[in-house]
Structures are given as structure tokens and as C-alpha cells.
Amino acid sequence: MLDRHDMITRRKHIDIPEFYVGSVMAVTINDPNATGRSSRFVGICIQRMNRGLKSNFTLRNVLDYQGMEIMYEMYCPVISSIETLRLEKRLDPHLLYLRDARPEYSTFPMDMEPELIAEDAPVPINDVKVKMIDGDWDKSWERQELKGIDLSGLTELQKRMALKRKTPDYVQYDLMKEYRSTLPEEDQEDIYREIAPHYPALVASQRKFRRRKLAGDA
Amino acid sequence: GRNYICIYFNYSYRLLLNMSQAEFRKLIPALRIAIRPRSLRMRNIDGPGGRLKRIAGHVTNLIRDERVEHNFPTLSEARNYAERLIAEAIRHGDKHQPTMDLANFYLQEKQLVHKLFKVLVPRYRNSTVSYTKMYKAPTITNRKPAAIDHPKGILELRNNPLPPLEPRPIPTRNWIHNVLLEEARKDFAAEKKMEKELALQNQIEDQQRDQNDEID
């Protein structure tokens, strides 16, 4: 597929590291239309959307008491580097509730140093229960099945409504919903077979980038 | 190959592109039938739960009777679920608890759970084609007062013991006109071959005559 070919070509020029929703990342952009030569943004990844060339992720940070979110498309040529400063997972598929959480959960220093972990170590899962602000929330997070929120401060009415919206049991038996939300095994194998010839070149270029980065840091 | 899936796969791949990134941990075997990118909306007083229960009813009837007739779109949808259920049963067997729960949900009679694992799984274990077949059934009915004639369909399991729906193909090779045509074709081919050989021989003779003339 042309999409996949373009993605592989891009990955030979830039190292896109492993990251998950909940990882803290730094992205530098060299946009000719922006002021300054390159701009760097550090933030926690709150969402990953789309597939293929349009794959994107959103980073959130609080700077000068102002919450900011920037969405980056992974294969955009304007991006000059993507680093994972803290590799970890969270309990939820997205962290959009951080908008209504206390600011300390979204604040990360712009000069944060990368935290290294062993290559074959499992990805740590951060099971923090985030405390929310006292005022009105943008969305009723208590009604979504989110495990990373501290819901101890809810009113009785809110708790009852949360129970009402619980996903029913029959959803787990919906075979076609499950099938349509993933790629079947044979098609996955086709894709892997298609990109397998490119693996050696990709791995070599990844090693080159990381060696270059370490040499740059040292 | 799997060309009959590819057309629909590409359409659903475009839909998948716009969804959030789900993990592909659970490996699901591909369906061997073409499916629509969106599921069929089936209006039900009990909502989505009632819709699934109705589909389970059709799947139950299919497993019990091995052939069912109903409205075409509903049966098409139920067909997907039946194929998935049989695929899961073949992959995991009856000792796997989640598969047992699935069979329990979709098969509303408990003997049919045994039939699924003891009869259908061995029947389809080594199959490379779909487990079900779908036909369009006659829709025209004479009803008074006139009503909407919904398209009807027949859904059946493959290799079922019932009399076949498709007529046996009649061998037509020994019909008289086909025999005569076949002989005519052979004669024509032989004639053409002879003409070619004659032409070649004439060409050789002409060349020899030219050479002789030159010598002379």
C-alpha cells in the first residue's frame, strides 16, 4: 500500500519511538512559517487517533497556569524529532479528563530530562487516580468507564447516574462489533509480510538516530 | 484466494482509519464472507440488547434446523454472527470459558451447544470456505390486503443433511447437438491444420524452384 510505503520512508529519516497514552513526550518542529528556528513542546500524550499516514497524538501541558494541547501528526515532515521522556501506560484509552483534573497532573517542565528504562523491561503502568477540580466538568467523566479518576467527591445523584450509564453485559457478546473494531489475523499477517523486507533498513536507521542522539547528549 | 473479502475490507479499512487507535491484541480469524462496513440497524423495543437477542434467535434456529428462511437483511446480519461463533468454537474448543459463554448466549437451547462443539466443529474444522450459504428466496406472495413484500432469504449451513437447494448440474456433453458441434469443431481444426501444412509445402517448393532458376 502506498500509505505504508510512505510511512516506512519517513521512518528512515526520523525516529518515532514507542509511546502510549500517558507517556510524557517532547516534539520539536521546524516550521518555516513559524517565528524562531525550531520550537520544542513537552507534554503528556492524552490521545492517539487515526491510522496510517494520518496517525496523530495530542500532548497536553500547563504553561503559566494555562492548559495547552497540541495535536501532532506522526508522519508530518515539519516535525524534526519525537522523544519519549517518560515511557508509561495509563489505565484508560484516553486522558481527556485531565482537562477537568487538578493542574498538577498535567504540568511537566519544559526542560524535562528523559527517564531511561531497560530495553526489555515491560512498559510500566501508572495506576494513579487523578483528583478532579471542584467546579463544573466539561464532560460527565463519572459516566464513562474510566479507571484513572478519583470519584470520591461525587454527589449521590451523580453516583446514581454513573451506575445507570454502565455498559451493559451483552456488549461483550457482540461478535461483529468486536470484529469490525480490529483487523483480522490474516490481514495483519499480510501487512507484516509487506513491511518485513524493510525491517533491517528500519532497525539500522533507528540505531543510527539513537547513537547520534547519545553522542549529541554526551 | 481471499479476493471476495478484499473489496469490503478496503472499504472498512477506510472506516478504521478514522477511529481511535485500538490495540490489535486479540487475533480474530478473518470471516470468509463479504461483510458490510457498518452493522445493520434493527429496530427493537429493547434496544441494542434486544437486537442481539433477536440475532441470537436466528443463530439458534440455524444451528438447530440447519436451514432457515426469513427476511434477507436480517438473515445476512445473523449469518455474520453464526460464522463468527463457529470460527470461535473451532479455534478455542469447548474447554475455553469465554467461548462457552458466547455459545451460551447465542444458542438459546442448551443441546445446541453440544451440537455446535460435537457435530459442527468436526464438520468444519478443516474447511477453507465459509460455514454457511445464503440464498435469495422468492418474495412474491399473494396477500389480501396487499402488503409490502420484504425480500426473503434462506440461510443454511454447508454440508447439511437436508435435500439440496441448488439443482444438480446436468451433464450436457452427450446431447446430440453438442456431440455434432464437437465433431464439427474437430473437423474444422483438422482442415485448418492440413491447409497450413499444404501452404508450408508450397512455400518450400517455391523456394527450391527459385534456387534452381538461379543456378540455371
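Keep in mind that this is a model prediction, so the values were computed, not measured.

In this section: the domain arrangement of chain A. All names here are of chain A. According to the domain assignment, chain A contains domain 1 (1-167) and domain 2 (170-217). Summarising the inter-unit geometry, the C-alpha centres of domain 1 and domain 2 are found 20 Å apart. With 11 residues of domain 1 at the contact, the number on the domain 2 side is 12 residues. Ranking the residues of domain 1 by area buried against domain 2 places Arg4, Lys12 and Asp15 at the top, with a combined share of 47%. Taken together, domain 1 and domain 2 are joined by 2 salt bridges. Note that Arg210 and Asp15 form a salt bridge whose closest N and O atoms lie 3.2 Å from each other. One can count 2 residue pairs in polar contact (both at pLDDT 80 or more) joining domain 1 with domain 2. Of the residues forming the side of domain 1 that touches domain 2, the biggest block, 3 residues, is contributed by helix α1 (residues 2-11). Class assignment of the residues belonging to the side of domain 1 that touches domain 2 gives a composition of 4 nonpolar, 2 polar and 5 charged.

By the element assignment, Arg211(A) lies in helix α5 (residues 199-217). Sequence spacing of Arg211(A) and Thr182(A) is 29 residues, and the spatial spacing of their C-alpha atoms is 36 Å.

Take the interface of chain A and chain B next. Between chain A and chain B, the contact holds 27 residues from the first and 39 residues from the second. A buried area of about 3,400 Å², summed over both sides, lies between chain A and chain B, and 57% of it is on carbon and sulfur atoms. Counting across the chain A and chain B interface gives 3 salt bridges. Contributions of two or more residues to the side of chain A that touches chain B are made by β2 (39-49), α3 (175-181) and α4 (185-195) of chain A. Here the residues of the side of chain A that touches chain B sort into 9 nonpolar, 6 polar and 12 charged.

In globular proteins that are soluble, nonpolar side chains generally tend to be buried together. Val59(B), Tyr81(B), Leu85(B), Tyr106(B), Leu107(B) and Leu116(B) are the most contacted members of the largest nonpolar core, which totals 40 residues. Of all the elements in the fold, those that place two or more residues in this core are α3 of chain A together with α2 (47-65), α3 (72-92), α4 (97-106), α5 (110-124) and β3 (152-157) of chain B. Discounting chain neighbours no more than four positions away, the residues touching Tyr81(B) are Asp174(A), Leu175(A), Met176(A), Arg51(B), Leu52(B), Ile55(B), Val59(B) and Tyr106(B). Counting residues in each nonpolar core, the second largest holds 36 residues, with Val21(A), Leu95(A), Tyr105(A) and Met112(A) among its members.

Attention now moves to the packing of aromatic side chains. Residue and element names in this part refer to chain A. Under the defined criterion, the tally for this structure stands at 7 aromatic pairs over all chains. The ring centre of Phe19 lies 4.0 Å from the NZ or CZ of Arg48, which sits over that ring. Of note, Lys208 hangs over the ring of Phe209, and the distance from its end group to the ring centre comes to 5.8 Å.

Further remarks concern the side chain of Glu142(A). All names here are of chain A. For Glu142, the location among the structural elements is in the loop between β7 (125-126) and α2 (156-164). There is no salt bridge for the buried Glu142, and the closest opposite charge comes from Arg143, which lies 4.1 Å off by N-O distance. With sequence-adjacent residues up to four places away left out, Glu142 is seen in contact with Trp137, Leu151, Leu154, Gln158 and Ala162.

Conventions adopted
Residues numbered from 1 in each chain as written. Chains lettered and ligands numbered in written order. Predicted model: local features only at pLDDT ≥ 70, side-chain atom pairs only at ≥ 80, totals over all residues. Heavy atoms only, no water. Domains from an automatic or database assignment. Contact = heavy atoms within 4.5 Å. Buried area = accessible area lost by both parts, 1.4 Å probe. Salt bridge = Lys/Arg side-chain N within 4 Å of Asp/Glu carboxyl O. Polar contact = N/O pair within 3.5 Å; in protein donor to acceptor, adjacent residues only side chain to side chain. Helix = DSSP H or I, 4+ residues; strand = E, 2+ residues; numbered from the N terminus. Nonpolar A, V, L, I, M, F, W, Y, C, P; charged D, E, K, R; others polar. Core = buried A, V, L, I, M, F, W, Y, C linked by side-chain atoms within 4.5 Å. Buried < 20%, exposed > 50% of the residue type's maximum accessible area, 1.4 Å probe, protein only. Phe/Tyr/Trp six-rings, centres within 6.5 Å; stacked < 30°, edge-to-face > 60°. Lys NZ or Arg CZ within 6 Å of the ring centre and 35° of its normal. Lys, Arg positive; Asp, Glu negative; His and termini not counted.

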